Amino acid sequence: MPSLLELVRSHTDLDEGDVTRLQLLMADWQIIADLSFADLVLWLPDRGGEGFWAAAQMRPTTGPTAYVDDVVGSFVPLGRRPMLDRAYADARLVREGDPEWRDDVPVRVETIPVPRDDRVIAVIARNTNLLGVRTPSRLELSYLQTAADLTAMIAAGDFPADGQRSDHADSPRVGDGFVRVDERGRVTYASPNALSVYRRLGWSGDLDGRVLAEVTRELVPPRRRPDEETLSAVLGGRAHRDTEVGGDQVSLIVRAIPLRARGEHVGALVLVRDVTDLRRRDRELLTKDATIREIHHRVKNNLQTVAALLRLQARRIGSDEARAALEEAVRRVGSIAIVHETLSQEVLDEVAFDEIADRLGAMVTDVGAGPDGHHDRPVVRRDASFGLLPNETATALATVLTELLQNAVEHGYPDDHAGTITVSPERIAGRLRVTVDDDGIGLPEGFDPEMSPNLGLSIVRTLVESELGGMLELRAGPVRGARAVVDVPLDGG
């Protein structure tokens, strides 16, 4: 299905400002579809003046659809839909005409011009499925009257106003709670759902005839509501804005859309939504995230304490072999601490591994530096991105990568010669393949990784095969040195 921008570029002469206007309209046209109990289709004039292209479509959540299939991308030539032609040519709402029949369903069609800078840039067709139409209730009459007001504002160029966008991802819909207020901010109609929302705030009476802003002030303590200017502007229906208010136990989002007729403010549509459960879950998630971050932070601190104790013990021991073993343990603990430090900063199911890999490379090549901090040890270079890895994979892979890098440093460059160790991650068909190449002296003659007594290789093999469910390969490098290849599956590809 083509996008709005694709259709605009391919078939119309609309400019960037026109597209911005249409996008602003489409951001709110679900409200109009729901109030109208009707499907909306946005038709754009063809560049050659030969007809109209369907660029967007919105179905109502309050009633049956008039379109079984999507029409976006379809073309209607001039003359086939006279109401489209008249709305575009005359820049006026067109309501007259007999119902159309689609798949044995009678459909009432109205067309609404969308003006900008004294020209019509599109036409909205409002299509109402007439099957099952009955005598409308007071709620339905209020919906339809408000829809008529909004469509008249579209035709007059008064809706949407520049910059009108919902500020909340949880912005209320028509079915959440509908309130109609007059030009003074007094309620002329409140839907049962809207009344229920105010009941939960503590209101016991009816809302009809009451000033909505005053009622809300009575129910909401000052610390739980916005500043007075915002409260009056939104609940009085003077500003097209969202705001959040609530008591100690209830939270709600209020959204106002001012209504105008012939240039005069005549009232507003106010939508309300109870978001108490959403806010409670948000608080629980924040508390959970903070707890998880604190756990990772404490684990990192504990690991660093263990590493410090091991380092202190290594300095006091007389055996060179024992000292080297303790220093290796310090490095292994440090590699795990780096992962927990990263996870303590941001709680996600996945972690960006590039920074971890780079820090591990720096840590491995820094170990064993002389007293002045200078040495000719090799450098570690990463030539591609690991991307995001699951936390469990990242922790095990950090230890694996540390061991492979340390093994390359110690055995590939025994005399502290300079060189380059290249880490090459690659994602292939739901797997991660990590190649570690060095340009050192290479593997010893007759080397068999299965028979090697090296503790580091034993750790790597155990983690790769048992914990990560992958494969490990050690062989001579393509030109010189040695190559280690780790291939592990990634959940979800």
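Residues numbered from 1 in each chain as written. Predicted model: local features only at pLDDT ≥ 70, side-chain atom pairs only at ≥ 80, totals over all residues. Heavy atoms only, no water.

Quick notes on the sheet that holds strand β10 (residues 251–261)
Here is step 1: Here we have five strands laid out as an open sheet, ordered β8-β7-β11-β10-β9, and antiparallel in their pairing. Looking along the sheet, the strands with just one partner apiece sit at the ends: β8 (187–190) and β9 (242–246). Each adjacent strand pair in this sheet contributes to an overall mean axis angle of 25°, direction not counted.
Here is step 2: The pairing of strand β7 (residues 178–181) with strand β11 (residues 264–274) spans four bridges and is classified as antiparallel. Across the sheet, the residue bridging to V179 is V270, located in β11.
Here is step 3: Packing against the sheet, helix α6 (residues 192–201) makes contact with β7, β8, β9, β10 and β11, and its axis sits at approximately 65° to β11. (Pairing = 2+ DSSP bridges. Helix = DSSP H or I, 4+ residues; strand = E, 2+ residues; numbered from the N terminus. Axes fitted to C-alpha atoms, helices over the stretch in contact; angles between N-to-C directions. Contact = heavy atoms within 4.5 Å.)

Some details on helix α7 (residues 212–219)
Here is step 1: Here α7 has its buried residues at L212, A213, V215, T216 and L219. Considered in projection along α7, the buried side chains sweep an arc of 160° and stay on one side of the axis. (Buried < 20%, exposed > 50% of the residue type's maximum accessible area, 1.4 Å probe, protein only. Arc of directions from axis to C-beta.)

Observations regarding the pairing of strand β15 (residues 420–428)
Here is step 1: When strand β13 (residues 379–382) meets β15, the two strands line up parallel, connected through four bridges. Directly across from V379, in β15, lies its bridge partner T420.
Here is step 2: Hairpin geometry of β15 and strand β16 (residues 431–438) is characterised by an intervening segment of two residues between the two adjacent antiparallel strands and by a positive phi of about 50° at A429.

Brief notes about the sheet that holds β15
Here is step 1: Within the open sheet, the five strands sit side by side as β13-β15-β16-β18-β17. Their pairing is mixed. Each end of this open sheet is capped by a strand with a single partner; those strands are β13 and β17 (471–476). Geometrically, the sheet is characterised by an average inter-axis angle of 15° between neighbouring strands, direction not taken into account.

Some thoughts on the packing of helix α12 (residues 391–412) against helix α13 (residues 455–467)
Here is step 1: Taken N-terminus to C-terminus, the directions of α12 and α13 make an angle of 150°; their axes are 9 Å apart at the nearest point. In this view, α12 runs roughly antiparallel relative to α13, as classed from their interaxial angle. The chirality of how α12 crosses α13 is left-handed. Across from A396, T399, V400, E403, L404 and N407 in α12, the residues of α13 making contact are G456, L457, I459, V460, L463, V464 and E467.
Here is step 2: Here the contact of α12 with α13 is composed, by residue class, of eight nonpolar, three polar and two charged. (Parallel < 35°, antiparallel > 145°, perpendicular 65-115°, else oblique. Left-handed = near helix turned anticlockwise from the far one by under 90°. Nonpolar A, V, L, I, M, F, W, Y, C, P; charged D, E, K, R; others polar.)

Thoughts on unusual backbone geometry
Apart from glycine, the bulk of residues carry a negative phi angle, and the bulk of peptide bonds sit in the trans form.
Here is step 1: Omega for the peptide link from F159 to P160 comes to -5°, which places this bond in the cis form.
Here is step 2: Position of P160 relative to the elements: it lies in the loop between α5 (138–156) and β7.
Here is step 3: Its identity as a non-glycine residue notwithstanding, A91 has a phi of 55°, on the positive side.
Here is step 4: Assignment of secondary structure puts A91 in the loop between α4 (82–90) and β4 (100–102).
Here is step 5: Of note, D103 is a non-glycine position whose phi angle comes to about 50°, a positive value.
Here is step 6: Residue placement: D103 occurs in the loop between β4 and β5 (105–116).

Here's the deal with the environment of I338
Here is step 1: You can see I338 is positioned in helix α10 (residues 320–345).
Here is step 2: If near-sequence neighbours (up to four positions away) are discounted, I338 is found in contact with I356, R359, L360 and M363.

With respect to the pattern of salt bridges
Side chains that differ in charge, positive against negative, can pair when their charged atoms come close.
Here is step 1: Taken as a whole and assessed by the stated rule, the structure comprises 30 salt bridges.
Here is step 2: One salt bridge connects E228 with R217, and the closest N-O pair in it is separated by 2.7 Å. Taken together, the residues E228 in helix α8 (residues 228–235) and R217 in helix α7 connect sequence positions eleven residues apart.
Here is step 3: With a relative accessible area of 38%, E228 lands in the partly exposed category.
Here is step 4: Each member of the salt-bridge network shares a partner with another, and the members are D15, D18, R116, D117 and R119. (Salt bridge = Lys/Arg side-chain N within 4 Å of Asp/Glu carboxyl O.)

Thoughts on the side chain of R225
Here is step 1: Along the chain, R225 falls in the loop between α7 and α8.
Here is step 2: Engagement of the side chain of R225 in a polar contact is seen with the backbone oxygen of V220, the distance being 2.6 Å.
Here is step 3: Excluding anything up to four places from it in sequence, R225 contacts R217, V220, L231 and V245. (Polar contact = N/O pair within 3.5 Å; in protein donor to acceptor, adjacent residues only side chain to side chain.)

With respect to the packing of aromatic side chains
Here is step 1: One pass over the structure, following the stated rule, counts six aromatic pairs.
Here is step 2: Plain terms: the ring middles of F353 and F386 are 4.9 Å apart, the flat faces sit at 65° to each other, and that makes the pair edge-to-face. Linking F353 in helix α11 (residues 353–366) with F386 in the loop between β13 and β14 (388–390), this pair joins segments that are 33 residues apart in sequence.
Here is step 3: Under the relative-accessibility criterion, F386 is labelled buried at 1%.
Here is step 4: By the ring-pair criterion, three or more aromatic residues cluster together here, those being F37, Y143, F178 and Y189. (Phe/Tyr/Trp six-rings, centres within 6.5 Å; stacked < 30°, edge-to-face > 60°.)

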